[in-house]
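Given next are the chains, with one letter for each unit.
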There are 4 protein chains.
Amino acid sequence: MAVHTEARKDRACLIVHGPDKPGIVAAVAALVTRNQGNIVTLDQYSTDPTGGDFFQRVEFIRPDLAVAMPEIEGDLAATLGPLGMQWTLTDLSVPKRMAIMASTSDHCLLELLWRHRRGELPVTIPMVISNHTNTAEDVRSFGIPFFHVPSAGPDKTAAEEEILRLLAGNVDFVVLARYMQIISADFLDRVGVPLINIHHSFLPAFIGAAPYRKAKERGVKLIGATAHYVTKDLDEGPIIEQDVARATHAHTAADLQARGAYVERAVLSRAVQWHAEDRVIRHGNQTIVF
Amino acid sequence: MAVHTEARKDRACLIVHGPDKPGIVAAVAALVTRNQGNIVTLDQYSTDPTGGDFFQRVEFIRPDLAVAMPEIEGDLAATLGPLGMQWTLTDLSVPKRMAIMASTSDHCLLELLWRHRRGELPVTIPMVISNHTNTAEDVRSFGIPFFHVPSAGPDKTAAEEEILRLLAGNVDFVVLARYMQIISADFLDRVGVPLINIHHSFLPAFIGAAPYRKAKERGVKLIGATAHYVTKDLDEGPIIEQDVARATHAHTAADLQARGAYVERAVLSRAVQWHAEDRVIRHGNQTIVF
Amino acid sequence: MAVHTEARKDRACLIVHGPDKPGIVAAVAALVTRNQGNIVTLDQYSTDPTGGDFFQRVEFIRPDLAVAMPEIEGDLAATLGPLGMQWTLTDLSVPKRMAIMASTSDHCLLELLWRHRRGELPVTIPMVISNHTNTAEDVRSFGIPFFHVPSAGPDKTAAEEEILRLLAGNVDFVVLARYMQIISADFLDRVGVPLINIHHSFLPAFIGAAPYRKAKERGVKLIGATAHYVTKDLDEGPIIEQDVARATHAHTAADLQARGAYVERAVLSRAVQWHAEDRVIRHGNQTIVF
Amino acid sequence: MAVHTEARKDRACLIVHGPDKPGIVAAVAALVTRNQGNIVTLDQYSTDPTGGDFFQRVEFIRPDLAVAMPEIEGDLAATLGPLGMQWTLTDLSVPKRMAIMASTSDHCLLELLWRHRRGELPVTIPMVISNHTNTAEDVRSFGIPFFHVPSAGPDKTAAEEEILRLLAGNVDFVVLARYMQIISADFLDRVGVPLINIHHSFLPAFIGAAPYRKAKERGVKLIGATAHYVTKDLDEGPIIEQDVARATHAHTAADLQARGAYVERAVLSRAVQWHAEDRVIRHGNQTIVF
């Protein structure tokens, strides 16, 4: 569900994960209650009730949440630490700061800006970075800063350094909205925040370049798109969301690309929304989406 | 998820609902823990965290569940009673007993029998009742008793009496798998178990008879089916599941009916499975599906 | 398939309809060939091969089409007239002129403007008319004129007169992109071009106002949208396209409305594209979509 | 559209393909007309209107079709031969003879038998061949012969020889309904009829064995199935149809397999129906589906 800003006041999100064992749910629920929280939603998943990994997401309302956060954090450490669990406590009234990186294609970029303007994405957008300038005017018409960082030549080091300087300390996550440059392992080591990418294909099929041409050549009857976290293994990061659209023999590769654009923007938008709402937990090369 | 019989041993399902207030989740979780249960899944929903209605479904594993049930029931009464909550505790290793009522169409009936044989529906099927005989041989080939109760003339009283005698004490719910007779209010008053119906239309559009002809005449581009609980208001009961399929100008009403049959059997099967797994909670004229 | 402007040069669209009889396909195909046309696509449908209504859409390429049009028109009259058929011949390189009427909601409006800018809609947009001003800046940033025609009071006559003056002679069809004013029968009599509306519901369910609230109250599991031609019978015009999205108990009416917005813009865009490409033929209260 | 047997009387299907050139449509339409045929449906596709490959499917009604077939064949040779086109003329009132090969899984097999019994598949089923016996009773209850051909040991030569003897002269195409044996190149060389396979995955992802386990490991959010013609390149034959279902983190590999079964039977059924109705044309490693 979309949670609008006004509705997020005093609302906390607690993510808990670790080895499953009896009593965890009770311990977390009791902790929330004794800290004067009222649970709004609660989702959980265990890879195996006996000896598996346990994941839980709890949203609760607690008057004067900002003031109470340190105390709740202390209680979490005292309660969950001995159980070997890990946790993250977030104040949902503080929107995440999202940077968007794009190239010439505007469909994913504009979709995110437009959903943000409608109040549907609980984020701020401190910047859009592109290696092209064609979308600058559109971006700025949304009141959002646009930075042009060209990707000159095969050595992307200078460009990546500049992007890292722009992002440093300013963002909580980055969305690659059809950013058509390879991200180096060094960049990923240093950026310090998660990156979400939209792959214009139904992964793991048609990895790499020109997926719509490959899809046409293989004669598939469905085309798809995949939103995933970026890891050093290109196209291999944890998948957040996927969807498809029908294709027929009559579609050219260009037709597939045009139709695919609509799948891409929808899939990326859902993935971004879920990430912004703290609904996605990474688990090895997979995701739990609550 | 399908829960196979062997996996349901010592597994309980607890449904709780009532006025939302802080501490309920903690109270339920603590109750499960102190009764040596290990929570496997937990779903909850509140119509409004402040003063709304609260609904929760908890599946937990408890060794020797059958023996412990009375004690857990006692604890529930002591714990939830004072909070004004209602609850149902079910031993999931005991399959529900499902009767199917059908007429000449076999697609919904056979789908249920076939899924049951595959071990996907956690039910027993003590009987199939039909006002026709054409499916008798098929039903019996699945090892299931078939009873023919003709619907002679406009007065259905005698037929309904016979059906009530067959069902009495033998079933936990009834599925109308394209049973083409009106169910009387008196029957509903006396049957004492829930009835699930499949309506061959996307309710609330095209209520009543001949929905595919009406859909063709209206020129719709999608046809649908709706599974719902039966109430005295024909076609107005709480909806459990719906789905659609595309329609074009080239489809005749007969084509729509043939395509619709595939939507009907899928929608009804999902609704039956969810009901059998205690995932559906009625709430006025709506359902909560966990 | 999207047909891009450059690809539409010398491309004609011939729509033929009338009583089905043997030899029509051959007569049309021979006519195209003897006028030096090369058929690119051909679709046809008959309500009944014996005595039904026949519909055909032929796209063909003919060098110097603009020059040849009068001659082909003459041949059509000589060939199809005696067979009792009706026809329309269109030069697809001439984009249709589309006006958009909107109110405060911008999702359908912006989607059309953006698809148009991407070159996916083969239309020109001479104007956007709104009874509000909030979208003026956005519309003009696309280089498209925006006219504000307020709907003051219950008597809409003056406003409709002004709209008719703006449209007269300037447009080939009008799209109501969430235009929240009732269109009078007098307006429809005089406007002289087709109007396409997006209804924020799965017609014929939830006709009229507040469909998302009604959908929530009825507890449906799918919400939908319907694009249709406007007739004097409100919400009863021929349906061009429909689609749905899943709904759950956890969605509020506001959530359904937010999700519905994405279905609406997709459904309306497809309907507009098909109309612009001459793929939709009205047939009584239904449509043939090729 | 499903075409029921009675509706197929005197109905012919003409498939034409070859180099696209102006006048082909007119030539075919004129041929049908002068042979007293009335065109019911006509579909066509060209990879490129200038110099591409042309494909056309025409269904027409011709009184006393069986008697007229040789004469129409002669006309086709005289008309299309000089144009370098290839063609196939089929009497649609003669159902194709379809053999089904299966192993232990029954979901695809039973779905085909049941659709056939409903009169939805325009085929006869002279035999079901399996390397297991568990489905024998079910198959025979549909009145269809069941042949058990065990696959003993690594050398499949003897088994394939026996299958070839059973099929020889008796069938027009073969459906592999989850037949879990590798088909040898020699078998394909000698069988002389097309084979349709259902691959329990969204090809080209997860080719080979255990696709549901691979899908679970990769953490995909959609699972799929693919029906394709069998070629010597395993899993690489021309795709006829594909579809998907949603998957979540909560699904086990077994859950995915259970859900996948429903996608498989639907995808295979559509592919078989289209093939039986002569709607699928192979074109290199792709298919045209009209």
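Residues numbered from 1 in each chain as written. Chains lettered and ligands numbered in written order. Predicted model: local features only at pLDDT ≥ 70, side-chain atom pairs only at ≥ 80, totals over all residues. Heavy atoms only, no water.

- In the nomenclature of an unreviewed UniProt entry, chain A corresponds to Formyltetrahydrofolate deformylase from the organism Sinomonas atrocyanea.
- Database annotation for chain A, UniProt heading Catalytic activity (unreviewed entry): "(6R)-10-formyltetrahydrofolate + H2O = (6S)-5,6,7,8-tetrahydrofolate + formate + H(+)". (UniProt positions renumbered as here; feature names shortened; annotations may be inferred.)

**Here we look at the interface of chain B and chain D**
Here's step 1: Contact residues are listed per partner, giving 19 residues for chain B and 19 residues for chain D.
Here's step 2: Interface area for chain B against chain D, summed over the two sides, is near 1700 Å², with a carbon-plus-sulfur share of 43%.
Here's step 3: Remark: the boundary between chain B and chain D carries eight salt bridges.
Here's step 4: For the interface between chain B and chain D, the tally reads 12 residue pairs in polar contact (both at pLDDT 80 or more).
Here's step 5: Counting residues per element, the ones that place at least two in the side of chain B that touches chain D are α3 (107–117) and α8 (253–276) of chain B.
Here's step 6: Counting residues per element, the side of chain B that touches chain D draws most heavily on α3(B), at six residues.
Here's step 7: Residue composition of the side of chain B that touches chain D, by class: eight nonpolar, two polar and nine charged. (Contact = heavy atoms within 4.5 Å. Buried area = accessible area lost by both parts, 1.4 Å probe. Salt bridge = Lys/Arg side-chain N within 4 Å of Asp/Glu carboxyl O. Polar contact = N/O pair within 3.5 Å; in protein donor to acceptor, adjacent residues only side chain to side chain. Helix = DSSP H or I, 4+ residues; strand = E, 2+ residues; numbered from the N terminus. Nonpolar A, V, L, I, M, F, W, Y, C, P; charged D, E, K, R; others polar.)

**Section: the pairing of strand β5 (residues 96–102) of chain D**
Residue and element names in this part refer to chain D.
Here's step 1: Among the seven residues of β5, six are classified as buried, and the element is accordingly described as predominantly covered.
Here's step 2: Of the pairings in the sheet, the one linking β5 to strand β6 (residues 123–130) comprises six bridges and is parallel in character. When the bridges of β6 are listed, R97 appears paired with T124.
Here's step 3: The parallel pair β5 and β6 is bridged by helix α3 (residues 107–117), and the resulting crossover is right-handed. (Buried < 20%, exposed > 50% of the residue type's maximum accessible area, 1.4 Å probe, protein only. Pairing = 2+ DSSP bridges. Right-handed = clockwise from strand over helix to strand, strands pointing away.)

**Looking at the relation of the copies chain B and chain D**
Here's step 1: With an RMSD of 0.0 Å, the operation that places chain B on chain D is a rotation of 180° combined with a shift of 0.0 Å along the axis. Taken together, the rotation and translation relating the two chain copies correspond to the operation of a two-fold axis. Relative to the rotation axis, the closest C-alpha in chain B is found at B:S141, a distance of 4.4 Å.
Here's step 2: Taken as a fraction of all interface residues of chain B, those also at the interface in chain D reach 100%, which identifies the copy contact as same-surface. (Least-squares fit on C-alpha atoms with pLDDT ≥ 70 in both.)

**A few points about helix α3 (residues 107–117) of chain C**
Residues and elements named next belong to chain C.
Here's step 1: Burial runs high along α3: nine of the 11 residues are buried.
Here's step 2: Listed in full, the buried residues belonging to α3 are H107, C108, L109, L110, E111, L112, L113, W114 and R115.
Here's step 3: G119 sits one or two positions beyond α3 and adopts a positive phi of about 80°.

**Focus: the sheet that holds strand β3 (residues 53–61) of chain C**
Residues and elements named next belong to chain C.
Here's step 1: Spatially, the four strands line up as an open sheet ordered β2-β3-β1-β4, and their pairing is antiparallel. Looking along the sheet, the strands with just one partner apiece sit at the ends: β2 (38–46) and β4 (86–91). Strand-to-strand, the axes of this sheet are offset by a mean angle of 10°, without reference to chain direction.
Here's step 2: Pairing of β2 with β3, which is carried by eight bridges, proceeds in the antiparallel orientation. (Axes fitted to C-alpha atoms, helices over the stretch in contact; angles between N-to-C directions.)

**Things to note about unusual backbone geometry**
Here's step 1: Cis peptide bonds are those with omega within 30 degrees of zero, and the linkage from B:L203 to B:P204 qualifies with 10°.
Here's step 2: The phi torsion at A:D278 lies on the positive side, around 60°, for a residue other than glycine.
Here's step 3: Counting through the fold element by element, A:D278 comes out in the loop between α8 (253–276) and β12 (280–283).
Here's step 4: Of the residues examined, A:D278 reaches a relative accessible area of 14% and is grouped as buried.

**What about the interface of chain A and chain D?**
Here's step 1: Each side of the interface is counted separately: chain A has 31 residues, and chain D has 32 residues.
Here's step 2: Counting the surface lost from both chain A and chain D, the interface buries some 2700 Å², and carbon and sulfur atoms represent 54% of this.
Here's step 3: For the interface between chain A and chain D, the tally reads four salt bridges.
Here's step 4: The residue D:E236 makes a salt bridge to A:R218 at a minimum N-O spacing of 3.8 Å.
Here's step 5: If you look at where chain A meets chain D, you find 18 residue pairs in polar contact (both at pLDDT 80 or more).
Here's step 6: At the level of elements, α7 (211–218), β11 (239–246) and β13 (286–289) of chain A are the ones that each hand at least two residues to the side of chain A that touches chain D.
Here's step 7: Per-element tally for the side of chain A that touches chain D: the top contributor is β11(A), with seven residues.

**Re the side chain of C:N38**
Here's step 1: Along the chain, C:N38 falls in strand β2.
Here's step 2: For C:N38, a relative accessible area of 14% corresponds to the buried category.
Here's step 3: A polar atom in the side chain of C:N38 sits 3.2 Å from the backbone oxygen of D:P49.
Here's step 4: Beyond its immediate sequence surroundings of up to four residues, C:N38 is in contact with C:V32, C:E59, C:F60, C:I61, D:K21, D:P22 and D:P49.

**Here we look at the packing of aromatic side chains**
Here's step 1: Per the counting criterion, the structure on display carries 10 aromatic pairs over all chains.
Here's step 2: Ring geometry for A:W114 versus C:Y262: centroids 5.9 Å apart, planes at 90°, classification edge-to-face. In this pair, A:W114 is assigned in helix α3 (residues 107–117) and C:Y262 in helix α8 (residues 253–276), connecting two distinct chains. Residues A:W114 and C:Y262 agree in their burial class; the two are buried.
Here's step 3: On the numbers, 6.4 Å between centres and 20° between planes, the contact of C:Y45 with C:F55 is stacked. In this pair, C:Y45 is assigned in strand β2 and C:F55 in strand β3, connecting sequence segments 10 residues apart. (Phe/Tyr/Trp six-rings, centres within 6.5 Å; stacked < 30°, edge-to-face > 60°.)

**Observations regarding the environment of B:D75**
Residues and elements named next belong to chain B.
Here's step 1: Tracing the sequence through the fold places D75 in helix α2 (residues 65–80).
Here's step 2: Sequence-wise, D75 and N35 are 40 residues apart; in three dimensions their C-alpha atoms are separated by 8.6 Å.
Here's step 3: Setting aside chain neighbours within four positions, we find D75 in contact with L31, R34 and N35.
Here's step 4: Within the local environment of D75, its side chain forms a polar contact with the side chain of R34, the two groups lying 2.8 Å apart.

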